[in-house]
Amino acid sequence: MKGSFVAVVGPSGVGKDSLIGFASARLAEADWLRVVRRVVTRQADGGSEDHDSLDLAGFAAAERAGAFALTWEAHGLRYGLPIALEDDLRAGRVVVANLSRAMIPTLLERYPDTVVVAVLADPKVIERRLAGRGRETAGSIQRRLDRQVSDHLPANTVRIDNSGDLEQAGLQFVQLLNDISRA
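No experiment lies behind these values; they were computed from the predicted model shown.

Caption draft 1: Summary view of the pairing of strand β7 (residues 94–98). With respect to burial, β7 is a largely interior element, 5 of its 5 residues being buried. The alternating pattern of β7 places Val-94, Val-96 and Asn-98 and Val-95 and Ala-97 on opposite faces, both of which are buried. Pairing between strand β1 (residues 4–9) and β7: 5 bridges, direction parallel. In the strand pairing of β7, Phe-5 is matched with Val-95.

So, in structure tokens, the structure goes:
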């Protein structure tokens, strides 16, 4: 495939979707960029990521029909990236998706030229963001913060700290996407 897959990863609350949204707005006229809308077995609530929703039965049916390029389970939910992303890769576009860190080995096997962007943030910032969502109890937020995830990140992973002002991290991400588009 001629395009580039950019996987944005990191723990909940680091601002992956905010970073992707910032770049999407700044690069709205870029016909070389496609942001993948994930399909999630959770109803959209307006306060979190913009995603398409399916119930478990609908998700399973779509998965059996080959509707997804990648699927995974996390936090009791199913997630999928639509297979149409491969059309954009074949067309030479930069395809950006929010992805589970646990999926990196599978992703790299399927799309070897993937650029992994690990978004980081200070734990206090993450805690404040998770609490602001209003979807979790204080206990579940603490369990997320305490959870150790084995990052399967390649050595050439790009790291962006999103602890502070979104514009600072966002501009770094926009520059990275511009650089990838010219490569």
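Caption draft 2: The arrangement of the nonpolar core in detail. Counting residues in each nonpolar core, the largest one holds 25 residues, and the members touching the most others are Val-6, Val-96, Phe-173 and Leu-177. Elements supplying a minimum of two residues to this core: β1, α1 (16–26), β7, β8 (115–120), α5 (123–133) and α7 (166–182). Among the elements that take part in this core, α7 stands out by supplying 6 residues, more than any other. Apart from the residues lying within four places of it in its own chain, the contact partners of Val-96 are Val-6, Val-8, Ile-20, Leu-33, Arg-34, Val-35, Val-36, Phe-173 and Leu-177. Membership of the second largest hydrophobic core comes to 23 residues, among which are Val-95, Ala-97, Leu-99 and Tyr-111.

Caption draft 3: Layout of the sheet that holds strand β3 (residues 39–40). One open sheet holds the 4 strands; their spatial order is β4-β3-β6-β5, and the pairing between them is mixed. Two strands lie at the open edges of the sheet, namely β4 (52–53) and β5 (68–74), each paired on one side alone. The pairing of β3 with strand β6 (residues 77–82) spans 2 bridges and is classified as antiparallel. Within the sheet, the bridge partner assigned to Val-39 lies in β6 and is Gly-80.

Caption draft 4: Inspection of the packing of α1 against α7 at higher detail. The interhelical angle for the contact between α1 and α7, taken along N-to-C directions, is 60°, at an axis separation of 9 Å. Our pair here, α1 against α7, has a crossing hand that is right-handed. Between α1 and α7, the contacting residues are Ser-18, Leu-19, Ile-20, Phe-22, Ala-23 and Arg-26 on the first element and Leu-166, Glu-167, Ala-169, Gly-170, Leu-171, Phe-173, Val-174 and Leu-177 on the second. For the contact of α1 with α7, the class distribution of residues is 10 nonpolar, 2 polar and 2 charged.

Caption draft 5: Molecular detail of the sheet that holds β8. If you walk across this open sheet you meet the 5 strands as β2-β7-β1-β8-β9, and the pairing is parallel. Each having just a single partner strand, β2 (33–35) and β9 (158–161) make up the two edges of the open sheet. If you compare each strand with its neighbour and ignore which way they point, the axes differ by 20° on average. Helix-sheet contacts for α1 involve β1, β2, β7, β8 and β9, and the interaxial angle to β7 is about 150°. Relative to the sheet, α7 contacts β1, β2, β7, β8 and β9, its axis offset from that of β9 by approximately 155°.

So, how was this worked out
- Throughout this description, residue numbers start from 1 for each chain and increase along the sequence as written.
- Note on the predicted model: pLDDT of at least 70 is required for a residue's local features to be given, and 80 or more for side-chain atom pairs to be given and counted; whole-chain, interface and lining totals, by contrast, use all residues.
- Side-chain figures throughout are based on the complete set of non-hydrogen atoms in the structure, without hydrogens or water.
- Whether a residue is buried, partly exposed or exposed follows from its accessible area with a 1.4 Å probe, protein chains only, as a fraction of its type maximum: under 20%, in between, or over 50%, in that order.
- Comment: elements are numbered from the N terminus, with helices defined as DSSP H or I runs of at least four residues and strands as E runs of at least two.
- By this definition, two strands are paired if DSSP reports at least two bridges between them.
- By nonpolar core we mean a set of buried residues, namely Ala, Val, Leu, Ile, Met, Phe, Trp, Tyr and Cys, connected to one another through side-chain atoms within 4.5 Å.
- Whether two residues are in contact is decided by their heavy atoms: any pair within 4.5 Å suffices.
- Every axis in this analysis is a line fitted to C-alpha atoms, fitted for helices over the stretch in contact. Angles between the N-to-C directions lie between 0 and 180 degrees.
- The hand of a helix crossing depends on one turn: near helix anticlockwise from the far one by less than a right angle means left-handed, and clockwise means right-handed.
- Polarity classes work like this: nonpolar for Ala, Val, Leu, Ile, Met, Phe, Trp, Tyr, Cys and Pro, charged for Asp, Glu, Lys and Arg, and polar for all others, with Gly in that last group.

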